[in-house]
Amino acid sequence: MILDEFRAAKEIYEEMLQERSDLPNLLNIVDKKLAHISNHIAVCHRVIAENRAAASSLTAFLPGTKAKHLQAAERACVTLDQTIQLQDQFFDFRYKVLKLLFK
């Protein structure tokens, strides 16, 4: 899952920060990862909106259709919450890098 990739990347970046290897490059890498996370957040919002719309559409009267779309929207909401938490962690990490860079 993509969230696992984000978590693994953060662990690698933490190791790089401990080694204090090339802080400007690390800052650039973290900024790129934050952009990737932002794109993932946008996708989650789109999936939520599409599934909620599908759940209230005319085809929602078919057996199990409405429930299926609502469950997909709920899963996307959970993923969105986890992604936002990871984004906050990456912003905190970015602050650490900036603090060391301009020390």
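Located above this text is the structure these notes cover.
Residues numbered from 1 in each chain as written. Predicted model: local features only at pLDDT ≥ 70, side-chain atom pairs only at ≥ 80, totals over all residues. Heavy atoms only, no water.

**Focus on the packing of aromatic side chains**
Any pair of aromatic rings gets described here by the distance separating the centres and the angle formed by the planes. Applying the stated criterion across every chain, the model contains 2 aromatic pairs. Both rings, one in tyrosine 13 and one in phenylalanine 90, keep their centres 6.1 Å apart while their planes meet at 75°; by these two values the pair is edge-to-face. Taken together, the residues tyrosine 13 in helix α1 (residues 2-19) and phenylalanine 90 in helix α3 (residues 65-101) connect sequence positions 77 residues apart. In terms of burial, tyrosine 13 and phenylalanine 90 fall into one category: buried. These aromatic residues form a ring-pair network of at least three members: Tyr13, Phe90 and Phe93. (Phe/Tyr/Trp six-rings, centres within 6.5 Å; stacked < 30°, edge-to-face > 60°. Helix = DSSP H or I, 4+ residues; strand = E, 2+ residues; numbered from the N terminus. Buried < 20%, exposed > 50% of the residue type's maximum accessible area, 1.4 Å probe, protein only.)

**Some words on α1**
With 18 residues, α1 should cover 26 Å at 1.5 Å per step; its first-to-last C-alpha distance of 26 Å lies within 8% of that length. Those residues of α1 that fall on the buried side of the exposure criterion are Leu3, Phe6, Ala9, Lys10, Tyr13 and Leu17. Viewed along the axis of α1, the buried residues span an arc of 115°, placing them on a single side of the element. For α1, the exposed residues lying more than 90 degrees away from the buried face are Glu5, Glu11, Gln18 and Glu19. Contacts made by the buried residues of α1 are with α2 (23-55) and α3. One or two steps after α1, the chain reaches arginine 20, where phi turns positive at roughly 55°. (Expected span 1.5 Å × (residues − 1). Arc of directions from axis to C-beta. Contact = heavy atoms within 4.5 Å.)

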